Amino acid sequence: TLPYRMRGHTENAAKVATFLSGHPSVASTLYPGLPEHPGHAVAMRQMTGFGGMLSFRVRGGRDAAMAVAARVRLFTRATSLGGVESLIEHRAVVESPDSKTPKNLVRLSCGIETTADLIADLEQALEKA
C-alpha cells in the first residue's frame, strides 16, 4: 500500500501547505512544493512529489504556536513520520532547551484523512492565534 499512502500524504500536504501559506495567522509555510520555498527549483528537478511533511511558523511566537498545536482535534500531538494519521508537534519543545529551531515553528506529518477535514481542523486551531 506504500505507493497509495505516499500519494495521499503528498496530496494532503500540498493542499494543507497552500491553505497555510495564505492564512493571516501564519508567518511562513515551509514545503518544497510551494513555489516560494527556497528549495522549490531543486525539488522540482529531483522529486516526483513533495512528501507529506511540512512546517509553518505561527505569528505571535512560542505561546501562539503551542496553542495551535493544543487546539487541533483531528491531528494527534506526536512525533513520527509516514503513518496514516496526521500528526502535529511544536518542534522546539521536543528538542533541547537550547534548540535553534524557531520557537513559533509547528511541524505536520500529513496522513491520509480527508483533506477538507485536515484544513478545517487547522483553521479552527488558528482562529485564535
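Residues numbered from 1 in each chain as written. Predicted model: local features only at pLDDT ≥ 70, side-chain atom pairs only at ≥ 80, totals over all residues. Heavy atoms only, no water.

Peer 1: What exactly am I supposed to notice about the pattern of salt bridges here?
Peer 2: Oppositely charged side chains can pair when the atoms bearing their charge come close. Evaluation of the coordinates by the stated rule reveals 4 salt bridges. Its salt-bridge partner being Asp63, residue Arg62 comes within 3.4 Å of it at the nearest N-O pair. Residue classification places Arg62 among the partly exposed positions, given a relative accessible area of 39%. Judged by relative accessible area, which is 57%, Asp63 ranks as exposed. Here Arg91 ties to Glu89 by a salt bridge, and the two come within 2.7 Å at their closest N and O atoms. Both residues of the pair, Arg91 and Glu89, count as buried. Among the ionic contacts, a cluster of salt bridges with common partners joins Glu89, Arg91, Glu95 and Arg107. (Salt bridge = Lys/Arg side-chain N within 4 Å of Asp/Glu carboxyl O. Buried < 20%, exposed > 50% of the residue type's maximum accessible area, 1.4 Å probe, protein only.)

Just geometry here; none of it tells us what the structure is for.
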